[in-house]
Amino acid sequence: MKRVRLIIFNAALGPLDYSVPDDMAVEYGSVVVAPLGPRQIIGIVWEEDRLPGESVAASKLRPIFELLPIPPLRAELRRLIEWTADYYCAPLAAVARMVLSSGGAMRGPTTMTEYRLSGSEPARMTPQRAVAMDALQGEQATIRELAELASVSDGVLRGLVNQGVLEPVEVNIDRAYPKAQADYDEPQLSDDQNTVASRIVDVVEAREFVPFLLDGVTGSGKTETYFEPVAAALRGNRQVLVLLPEIALTEAFLKRFESRFGAAPIVWHSSLKSTERRRAWRAIASGEAQVVVGARSALFLPYASLGLIIVDEAHEISFKQDEGVRYNARDVAVMRARFEKIPVVLASATPALESLQMAESGVYERLELPSRFGGATLPAITTLNLTQSPPERGRWLAPELVEALQDRLTKNEQSLLFLNRRGYAPLTLCRHCGHRFECPNCTAWLVEHRFTSRLACHHCGYDAVLPDACPDCGEADSLVACGPGVERIADEVKEILPEARIAVATSDTLNTPEKAAEFVAQAEGKAIDVIVGTQLVTKGFHFPDLTLVGVVDADLGLEGGDLRAAERTYQQIAQVAGRAGRGSKPGEVLIQTRHPEASVIAALEAGDRDAFYAAETEARRGAGAPPFGRWAAIIVSSEDENEAKEAARAIGGTRPNIRDVMILGPAPAPMALLRGRYRYRLLINARRSAQVQDIIRKWLDTLDFPRGVRVSVDIDPYSFV
Ligand code: ADP
Ligand code: ZN
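Rules behind the numbers
- Residues numbered from 1 in each chain as written.
- Chains lettered and ligands numbered in written order.
- Predicted model: local features only at pLDDT ≥ 70, side-chain atom pairs only at ≥ 80, totals over all residues.
- Heavy atoms only, no water.
- Donors = N, O, S within 2.8 Å, 3.2 Å for Na, K, Ca; no water.
- Tetrahedral: all angles 85-135°; square planar, octahedral: opposite > 155°, others 65-115°.
- Helix = DSSP H or I, 4+ residues; strand = E, 2+ residues; numbered from the N terminus.
- Pairing = 2+ DSSP bridges.
- Near = heavy atom within 4 Å.
- Polar contact = N/O pair within 3.5 Å; in protein donor to acceptor, adjacent residues only side chain to side chain.
- Areas by Shrake-Rupley, 256 points an atom, 1.4 Å probe, with all protein chains shown as cover.
- Nonpolar A, V, L, I, M, F, W, Y, C, P; charged D, E, K, R; others polar.
- Core = buried A, V, L, I, M, F, W, Y, C linked by side-chain atoms within 4.5 Å.
- Buried < 20%, exposed > 50% of the residue type's maximum accessible area, 1.4 Å probe, protein only.
- Contact = heavy atoms within 4.5 Å.
- 1 Å grid on protein atoms, 1.4 Å probe; cavity = no way out; pocket = protein on both sides within 12 Å on 5 of 7 lines; lining within 4 Å.
- Points joined across faces, edges and corners; volume = space filled by probe spheres on them.

**Some thoughts on the coordination of the zinc ion (ligand 2)**
Piece 1. Taken together, C439 (SG), C442 (SG), C457 (SG) and C460 (SG) make up the full set of protein donors to the zinc ion (ligand 2), lying 2.2 to 2.4 Å away.
Piece 2. Each of the four donor atoms bound to the zinc ion (ligand 2) contributes to angles spanning 104 to 114°, and the resulting shape is tetrahedral.
Piece 3. Mapped onto the polypeptide sequence, the residues donating to the zinc ion (ligand 2) form the spacing pattern C-x2-C-x14-C-x2-C. Here C457 lies in the loop between β19 (454-456) and β20 (463-465) and C442 lies in the loop between β17 (427-430) and β18 (447-449), a separation of 15 residues in the sequence.

Shown next as structure tokens:
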């Protein structure tokens with residue numbers, strides 16, 4: 001009998017050995033179900049010599065139950081799983097779980113029953129039935145999904161099924177996707193675009209690993225340009241993965257993709273329905289899926305034959321996952337391309353300093369698009385010094401910005417106001433006693449949301465009704481909102497320009513693909529005059545009649561003072577500025593600031609990107625920060641404050657003493673309480689070449705912690721809270 005070693009889906013246990021029944025044909029990468037005690041568990045057959053495990057006598061091995069009907073994970077993907085687990089100090093099982101991210105897909109081909117309106121009326125109409133029938137016009141889905149869609153209980157719909165109002169339809173879950181065609185509608189590329197596109201196309205055809213940094217100004221047509229190598233992969237029957245940072249961006253992308261290739265790509269993100277997820281997963285694994293557009297989690301899917309990876313807006317910090325396996329999708333994308341021996345394109349107008357440095361040192365090949373497509377010019381940027389020309393009392397927009405908004409409205413052009421703060425006000429306090437509304441689970445103020453009249457925590461989702469009186473002193477009508485959020489700015493615009501049509505664009509208002517699509521359609525159709533938005537609207541959108549961008553508070557991002565504060569501010573403002581003047585009319589950008597002399601702001605005003613990056617590079621070099629040195633964090637948390645503190649102390653007390661490795665802490669994290677857990681942090685700073693992961697693994701392996709304590713390691717952290 002054959003024996004195999006499995007990575008099993010239990011992070012606490014290491015690999016385990018099993019025997020294979022004679023009639024079962026397993027190979028490396030096969031996904032199986034095996035017994036574990038009285039339970040059954042999923043496992044992946046792995047190379048024994050790559051997974052040290054205990055040797056168990058053959059007689060003691062238990063047999064595998066079942067081989068799941070999906071293709072075995074390819075060696076390239078197995079190596080990526082190992083690399084990710086190793087680099088980010090995460091359990092192999094936790095990384096492997098990101099690959100097998102659809103439970104349904106593990107089962108073989110199957111049909112399911114969906115329901116749709118049959119056209120007949122119920123014997124008795126109730127208000128709920130009427131609501132449901134209204135909401136379900138033209139829909140077809142499972143009862144569960146329809147109930148969610150219509151906001152009624154499953155019971156109401158089952159009643160309609162019994163009455164024949166909803167009829168069942170058998171559908172093949174894995175029905176084929178429409179085919180994209182490489183030459184459906186080919187654009188005429190500019191010379192610059194053509195040079196860049198041909199270079200990547202050559203590498204796609206040669207099937208080599210080459211990491212590209214596609215460094216092109218906003219509006220240079222990076223998307224059109226990388227669509228050519230996408231077409232080349234399609235012609236070669238190889239799959240393409242396009243990673244996008246936000247789901248709100250996907251809609252605009254899908255439309256462009258469809259007009260170029262004649263069919264929509266396959267979308268992958270966390271809010272897919274389970275049947276869509278299953279269908280996509282199986283199509284990806286079988287090779288039927290041609291192009292997948294997704295959030296970072298799409299990176300770990302089991303592509304049958306990947307030919308190209310694009311990371312669009314590659315500088316975006318949302319590619320960094322900050323829970324579970326704390327990986328950076330941008331960096332893992334490059335590793336995946338390396339294992340698959342294919343090109344990867346990191347596209348951005350404001351690349352991360354780390355990426356630029358890789359290009360400088362020749363590790364990445366740099367491709368440039370230095371000018372906007374079609375003769376459009378980059379917008380003129382002016383700072384408004386708020387200390388010299390402040391807004392009126394109780395307002396947030398300076399007179400020059402107000403005037404510019406009025407001017408655009410008369411000219412029937414669009415404006416965009418950017419403030420990276422959701423809600424109405426970031427802090428509410430009692431004028432009478434000074435009480436501040438804080439989250440009970442986090443070290444954070446509650447943010448007032450006036451649209452929903454609630455106070456919400458942006459970290460844990462806690463929310464409460466905004467009371468009429470202060471809960472502390474009981475004084476009525478004493479609560480005041482401090483500082484602006486986008487909703488408050490929108491109110492101000494309403495007062496200044498009563499006739500303007502205003503849209504607030506944040507993750508609260510554009511929280512589904514449908515709402516995002518509607519927003520894009522309205523903005524394109526010029527049904528919106530002024531957009532007030534967070535970082536969500538800083539990138540990806542192309543509204544040709546948008547000619548004014550106002551940055552409400554350029555200093556906001558600099559306050560946190562973390563490692564990347566200046567870079568992030570530069571990127572955000574340069575990106576949002578890039579939304580202005582993309583059509584035939586030139587754009588103007590007004591930046592409100594109290595610190596026009598700050599190097600970031602001065603570089604933005606002068607349009608001198610190189611100066612900013614040069615100064616930032618020197619600052620990082622001096623601080624031993626990435627890309628010149630390495631950072632890692634150890635975060636210790638528990639619901640019990642004392643337990644967290646003790647565990648952090650134990651870790652601190654056993655710190656290794658290694659030359660050139662500096663270990664700071666433990667100290668309470670800036671967010672000392674998060675989602676009900678008390679948190680302590682240690683920070684490790686080392687030379688670029690130091691084996692930080694090995695050091696951390698050896699160090700933590702010697703320690704044991706109580707059950708309630710969670711110790712997580714964050715390599716190359718982005719968040720310092
Ligand atoms: P970026 O992503 O670099 O900011 P986009 O890819 O959004 O720029 O391109 C800006 C605009 O120019 C888009 O509307 C795009 O369709 C258009 N465009 C770019 N290149 C071409 C081309 N070769 N032919 C036609 N339109 C193009
Ligand atoms: Zn909270």
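That was the structure; now back to the text.
**Things to note about the sheet that holds strand β1 (residues 2-8)**
Piece 1. Taken together, five strands build an open sheet; the order of strands is β2-β1-β4-β3-β5 and the sheet is antiparallel. Edge positions in the sheet fall to β2 (16-20) and β5 (66-67), since each of these pairs with one other strand and no more.
Piece 2. In terms of strand pairing, strand β3 (residues 31-36) meets strand β4 (residues 39-46) through six bridges, oriented antiparallel. Bridged to V32 within β4 is G43.

**Remarks on the site of ligand 1**
Piece 1. The environment of ligand 1 is made up of 15 residues, and the closest members are Q188, Q193, G219, K222 and R256.
Piece 2. A distance of 2.6 Å separates an oxygen atom of ligand 1 from a polar backbone atom of G219.
Piece 3. Here H542 contributes a side-chain N or O atom positioned 3.0 Å from an oxygen atom of ligand 1.
Piece 4. A total of 560 Å² of accessible area belongs to ligand 1 in isolation, and the protein chains cover 80% of it.
Piece 5. When residues of the shell around ligand 1 are assigned to their parent elements, the largest contribution, three residues, is made by helix α7 (residues 222-235).
Piece 6. The class makeup of the residues in the shell around ligand 1 is three nonpolar, eight polar and four charged.

**So, the nonpolar core**
Piece 1. One finds L100, F519 and I531 to be the most contacted residues of the largest nonpolar core, which totals 136 residues.
Piece 2. Apart from residues lying up to four places away in sequence, I531 is in contact with S415, L416, L417, A503, A505, F519, A523, V537, F543 and L546.
Piece 3. Residues V230, V242, V293 and L369 belong to the second largest nonpolar core, which totals 31 residues.

**What to know about empty space enclosed by the protein**
Piece 1. The final tally for this structure, using the stated rule, is four cavities of 30 Å³ or more.
Piece 2. The space that makes up the largest cavity amounts to roughly 70 Å³.
Piece 3. In terms of lining, the largest cavity is formed by Y177, P178, K179, A180, A264, P265, I266, E288, A289, Q290 and V291.
Piece 4. When grouped by side-chain class, the residues that make up the lining of the largest cavity number eight nonpolar, one polar and two charged.

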